[in-house]
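# Structure assessment
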Amino acid sequence: MTTNRMWGGRFGRGPAAIMEEINASIAFDQRLYAQDIAASKAHARMLAARQIIAKADAEAITAGLDRIKAEIDQGTFTFSRSLEDIHMNVEARLKELIGEPAGRLHTARSRNDQVATDLRLWVRDEIDALDQALKGFQVALVNQARTHADTIMPGFTHLQTAQPITFGHHMLAYVEMAARDRARFAAARVRTNESPLGAAALAGTSFPIDRQQTAKELGFAGPMRNSLDAVSARDFALEFLGAAAICATHLSRLAEEIVLWCSPGFKFVRLSDAFTTGSSIMPQKRNPDAAELVRAKSARVTGALMTLLGVMKGLPLTYAKDMQEDKEAVFDAADNLALSLAAMTGMVEDLQPDEVAMRRAAGEGFSTATDLADWLVRALKKPFREAHHVTGRIVAMAEARGCRLEELSLKELQSVEPGITGDALSVLSLDASVASRSSFGGTAPQNVKAQVEYWQEQLK
């Protein structure tokens, strides 16, 4: 077996087959090709500007890299496992194209700072794409909220009927979650957007490079200040995965609700054929498979975070080959989150709420009991704990009679609390209950409409 020509000077023979198998990363890190080529071009131009290499060599390198990118874009580039990774594959092809000047490209850099730079560029691009996807998800939610600002449904705690709310209010809760997801990604982007390029293997370089120039060309805020940290830090990837895991968890919660809402026990919403499947044996089935898969994919994103935390927790400074295992986790999480966002956005747009079924369910479970307790506090000046106790006795009465609270007569209410008047009956309706929740952030339709306007302005 021949020696790897990129690093084989020290070695007299090639690696064992199993070593090649475990060492190669080209199967997955070829995804970094655009970032790798962009960083190499910036590095070559900087080397020429600092007169470390000739201008003609830099121009040849740049032209060759452009051709390589075109080959990869067009699917005509041949990747070699024996060359291990994207960096060596590109450099080997560059030598085939331009000859001796290709060997000058790696002056004043190492694969250590090269891969750290590439991955930061890739994560930065992915954050930008995910931000746009999250914005589209928010728009879909806001549109549902606008349409259903006064559509009544039950609110739940412990998956038990709690108080009536509106479907629009429920949709807006996920708009808020997505906004925080976008903020987390944006904050992660700031810390990702520093350039490791020029840190070389770990200690910097003796060549008079200009790290500010390469950082600026690549759109970084600036170069990282410590060469050891530059090549060994993967907290930017961990932060990206942390934000992704939280975002995927939010999507999973909504996916679970859609699964529940589509079930016969709820019948709150209907998904079209676009996001459901049938059964191979039961012709009546309409399965919310897209929502179920979003729910499951959140585990893959969370698993990616756990994987990289496990990889990094025991590594001394600086670079170790363990870090090669960072990319698959990051790529897989990003892919699955992007797919989940697209699926969830489509499902939200596709949802057809059953207003009758939701309203019917909102009226069950004595959901306006708190409104009666609040009335006792306001009208009879009772301490809330006493009002809570009185209302509990009235609920027990309605439960024993098999009726709803609003179906009890005034006389029956007064048998528990003589001070109750006919005015109390007016607070027991679903519409009155929902309309009364007008505190900032509450479910009152007027609040929902105001929040819809706010978010429409924010999302322009």
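Presented here is a report on the structure given in the accompanying data block. (Residues numbered from 1 in each chain as written. Predicted model: local features only at pLDDT ≥ 70, side-chain atom pairs only at ≥ 80, totals over all residues. Heavy atoms only, no water.)

### A closer look at the packing of aromatic side chains
The full count for this structure, using the stated rule, is 7 aromatic pairs. Their ring planes at 85° and their centres at 5.2 Å tell us that Phe266 and Phe268 sit as a pair that is edge-to-face. Ring pairs connect the aromatic residues Phe156, Phe266 and Phe268, which therefore count as one cluster. Of note, Arg31 hangs over the ring of Phe331, and the distance from its end group to the ring centre comes to 4.8 Å. (Phe/Tyr/Trp six-rings, centres within 6.5 Å; stacked < 30°, edge-to-face > 60°. Lys NZ or Arg CZ within 6 Å of the ring centre and 35° of its normal.)

### Things to note about the pairing of strand S2 (residues 160-166)
Two elements, strand S1 (residues 152-157) and S2, share 5 bridges in a ladder whose sense is antiparallel. Bridge pairing links Thr157 to Gln160 in S2. With antiparallel pairing between neighbouring strands as the criterion, S1 and S2 make up a hairpin whose turn holds 2 residues, including His158 at a positive phi of roughly 55°. (Pairing = 2+ DSSP bridges. Helix = DSSP H or I, 4+ residues; strand = E, 2+ residues; numbered from the N terminus.)

### Comments concerning the environment of Gly103
Inspection of the secondary structure puts Gly103 in the loop between helix H5 (86-98) and helix H6 (111-147). Along the sequence, Gly103 and Ala92 sit 11 residues apart, while their C-alpha atoms lie 9.2 Å from each other.

### Observations concerning the nonpolar core
Of all hydrophobic cores here, the largest spans 93 residues; its most connected members are Phe137, Phe185 and Met344. Take this core: its biggest share by element is 16 residues, from helix H10 (residues 235-262). Those residues in contact with Met344, other than ones at most four positions away along the chain, are Phe137, Leu251, Leu254, Ala255, Ile258 and Val294. Ranked by size, the runner-up nonpolar core spans 20 residues in total, among them Met397, Ala398, Val416 and Ala424. (Core = buried A, V, L, I, M, F, W, Y, C linked by side-chain atoms within 4.5 Å. Buried < 20%, exposed > 50% of the residue type's maximum accessible area, 1.4 Å probe, protein only. Contact = heavy atoms within 4.5 Å.)

### So, the packing of H10 against helix H12 (residues 326-350)
Two numbers describe how H10 lies on H12: the axes approach to 10 Å, and their chain directions differ by 30°. When the interaxial angle is binned, H10 and H12 end up roughly parallel. Relative to H12, H10 is oriented so that their crossing is left-handed. On the side of H10, the interface is formed by Ala237, Phe240, Leu241, Ala244, Cys247, Ala248, Leu251, Leu254, Ala255 and Ile258, while H12 contributes Ala329, Val330, Ala333, Ala334, Leu337, Ser340, Leu341, Met344, Met347 and Val348. Classifying every residue of the contact of H10 with H12 gives 19 nonpolar, 1 polar and no charged. (Axes fitted to C-alpha atoms, helices over the stretch in contact; angles between N-to-C directions. Parallel < 35°, antiparallel > 145°, perpendicular 65-115°, else oblique. Left-handed = near helix turned anticlockwise from the far one by under 90°. Nonpolar A, V, L, I, M, F, W, Y, C, P; charged D, E, K, R; others polar.)

### Comments concerning the pattern of salt bridges
Counted according to the given criterion, the structure contains 27 salt bridges. For Asp66, the salt bridge is made with Lys41, and the minimal N-O distance between the two is 2.7 Å. Taken as a pair, Asp66 in helix H4 (residues 55-74) and Lys41 in helix H3 (residues 33-49) lie far apart in primary sequence, 25 residues in all. With a relative accessible area of 37%, Asp66 lands in the partly exposed category. The partner of Glu417 in a salt bridge is Lys382, and the shortest N-O contact between them spans 3.1 Å. Residue Glu417 is found in the loop between helix H16 (410-416) and helix H17 (430-436), and its partner Lys382 is found in the loop between helix H14 (369-380) and helix H15 (384-401); the two are separated by 35 residues along the sequence. The exposure class of Lys382 is buried, given its relative accessible area of 13%. Each of Arg67, Glu71, Arg93 and Glu96 takes part in salt bridges that share partners, so that together they form one network. (Salt bridge = Lys/Arg side-chain N within 4 Å of Asp/Glu carboxyl O.)

The analysis is restricted to geometry; functional conclusions fall outside its scope.
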